[in-house]
Amino acid sequence: MAWTKYQLFLAGLMLTTGSLNTLSAKWADTFTAKGCHGDKEHEFNHPFVQAVGMFLGEFSCLLVFHILLCHDRRRPQPSFNPGQSFNPLLFLAPAMCDMTATSIMYVALSMTSASSFQMLRGAVIIFTGLLSVAFLRRRLQPSQWVGILTTIVGLIVVGLADFISKDKREHKLSEVITGDLLIIMAQVIVAVQMVLEEKFVYKHDVHPLKAVGTEGMFGFIVLTLLLIPMYFIPAGQFTGNPRQVLEDALDAFCQIGIQPLIMVALLGNTISIAFFNFAGISVTKEISATTRMVLDSLRTLVIWAVSLALGWEQFHGLQVLGFVVLLTGTALYNGLHRPLLARIPYCAAWAQDDDAEEQAGAGERERLLSAARVQAADDA
């Protein structure tokens, strides 16, 4: 069935804003300007300030949620499902995971290329799968285990591409390796966050926009407050600001005042994450979760192409191989191989078995969700 114009718009919006989110953050890292302390020009290296901006974008999803809710209530027959009421503190733990992982990834982004940053984020599949088995008692299908192993191979290839890269003009080899390791470490925290969210969402019917906005609210408030002690915590050579503290927010604001384009980049990051979350949720609702995954993988290609066009990095054939292997691992883990296998006579039965297992798991999760709704109605 052909996509409608609205579905095409949503897919384009998700792909564009998802790519802009990483590219705008990397763009901010490329600027140099004087700071507040009379120092010479230095790089804009303020990952925690950038993370605050990203959480502000997520926080704005709450505003979008309430706008949609108010608009729907004016209709003769409201159809918008706001979900059930919940204690916002239940999202505090996932929000802290999100805050920690995002901050680490922004630190890593200042050390490595935008394309490697995006590719290595695919490691989340490995840790999400393992944690799902351990804590959600989920049984992974054979194709998902193969997808995890394939992803590991892809990560090794991408890491090798960074290691043997001859382009050391922007980042030292030690920085690139540290950045890559930080990205992978952050994916462990992201996987914990996803498992916590899944365990929570299946028990409570919470609208995705409201969930993202609530997590963004906690992340924005907590990280903004943490900027105060970070101003006094020494970090040595690990940080790039002149005072060598964990984060110098005042220096960031001074650099923004001197070089206004930094603010343009930060606003691009904030606005793009808000639209990306909205578009992603809408794509899942209007098209499918598989389409959302494919678009999320395609934005890696867009980020890579734009980075090459802007001269931020050089072309490396090994990175192409790594991207293909990672894409294959992601496709296997998410079941994109099933339609292809279904057309092959000898493999059709295997594809049907995989589909049956997945539908059984989905039915069990839906049963738990329905039971939770009944329990909530009884409590009311």
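In case you missed it, the structure is sitting above this.
These lines cover the structure that appears in this document, whether it is placed above or below. (Residues numbered from 1 in each chain as written. Predicted model: local features only at pLDDT ≥ 70, side-chain atom pairs only at ≥ 80, totals over all residues. Heavy atoms only, no water.)

### Observations regarding a nonpolar patch on the surface
- A surface patch of nonpolar side chains, about 360 Å² in accessible area, is lined by Leu149, Ile152, Ile156 and Leu160.
- By secondary structure assignment, the location of Leu149 is in helix 6 (residues 142-163).
- Residue class for Leu149 comes out exposed when judged on its relative accessible area of 55%. (Patch = residues over 30% accessible without salt bridge, like charges linked within 9 Å, V, L, I, M, F, W, Y side chains within 5 Å. Areas by Shrake-Rupley, 256 points an atom, 1.4 Å probe, with all protein chains shown as cover. Salt bridge = Lys/Arg side-chain N within 4 Å of Asp/Glu carboxyl O. Helix = DSSP H or I, 4+ residues; strand = E, 2+ residues; numbered from the N terminus. Buried < 20%, exposed > 50% of the residue type's maximum accessible area, 1.4 Å probe, protein only.)

### Concerning helix 6
- Here helix 6 is 22 residues long and its end C-alpha atoms lie 32 Å apart, about the 32 Å a rise of 1.5 Å per residue gives.
- Within the sequence span of helix 6, burial applies to Ser143, Gln144, Gly147, Ile148, Thr150, Thr151, Gly154, Leu155, Val157, Val158, Ala161 and Asp162. (Expected span 1.5 Å × (residues − 1).)

### A few points about the state of the cysteines
- Tallying each qualifying case throughout the model produces 1 disulfide.
- Bridging Cys36 to Cys254, the disulfide has an S-S length of 1.5 Å. Between Cys36 and Cys254 the disulfide shows an S-S torsion of about 100 degrees. By sign, it is right-handed. In this pair, Cys36 is assigned in the loop between strand 1 (32-33) and strand 2 (42-43) and Cys254 in helix 9 (residues 249-258), connecting sequence segments 218 residues apart.
- Note on Cys36: relative accessible area 33%, which makes it partly exposed. (Disulfide = S-S within 2.5 Å.)

### Topic: unusual backbone geometry
- Unlike most non-glycine residues, Arg137 shows phi in positive territory, near 55 degrees.
- For Arg137, a relative accessible area of 79% gives the class exposed.
- Backbone geometry places Gln244, a non-glycine residue, at a positive phi of 55 degrees.
- Within the element layout of this structure, Gln244 appears in the loop between helix 8 (208-230) and helix 9.
- Residue classification places Gln244 among the partly exposed residues on the basis of a relative accessible area of 31%.

### What to know about the pattern of salt bridges
- Under the counting rule described, the total for this entry stands at 3 salt bridges.
- The residue Asp248 makes a salt bridge to Arg243 at a minimum N-O spacing of 3.7 Å.
- Residue class for Arg243 comes out partly exposed when judged on its relative accessible area of 31%.

### Here we look at the packing of aromatic side chains
- Per the stated rule, a full pass over the model turns up 5 aromatic pairs.
- Taking the centre distance of 5.2 Å and the plane angle of 50 degrees together, the rings of Trp27 and Phe31 count as tilted.
- The exposure class assigned to Trp27 is partly exposed, which follows from its relative accessible area of 29%.
- Across the ring face of Tyr231, the terminal group of Arg243 is positioned such that the distance to the ring centre comes to 4.0 Å. (Phe/Tyr/Trp six-rings, centres within 6.5 Å; stacked < 30°, edge-to-face > 60°. Lys NZ or Arg CZ within 6 Å of the ring centre and 35° of its normal.)

### Re helix 5 (residues 124-135)
- In a regular helix each residue adds 1.5 Å, so 12 residues correspond to 16 Å; helix 5 covers 16 Å between its end C-alpha atoms and thus fits that length.
- The set of residues buried in helix 5 consists of Val124, Ile125, Ile126, Thr128, Gly129, Leu131 and Ser132.
- Positive backbone phi, at 55 degrees, marks Arg137, one or two positions downstream of helix 5.

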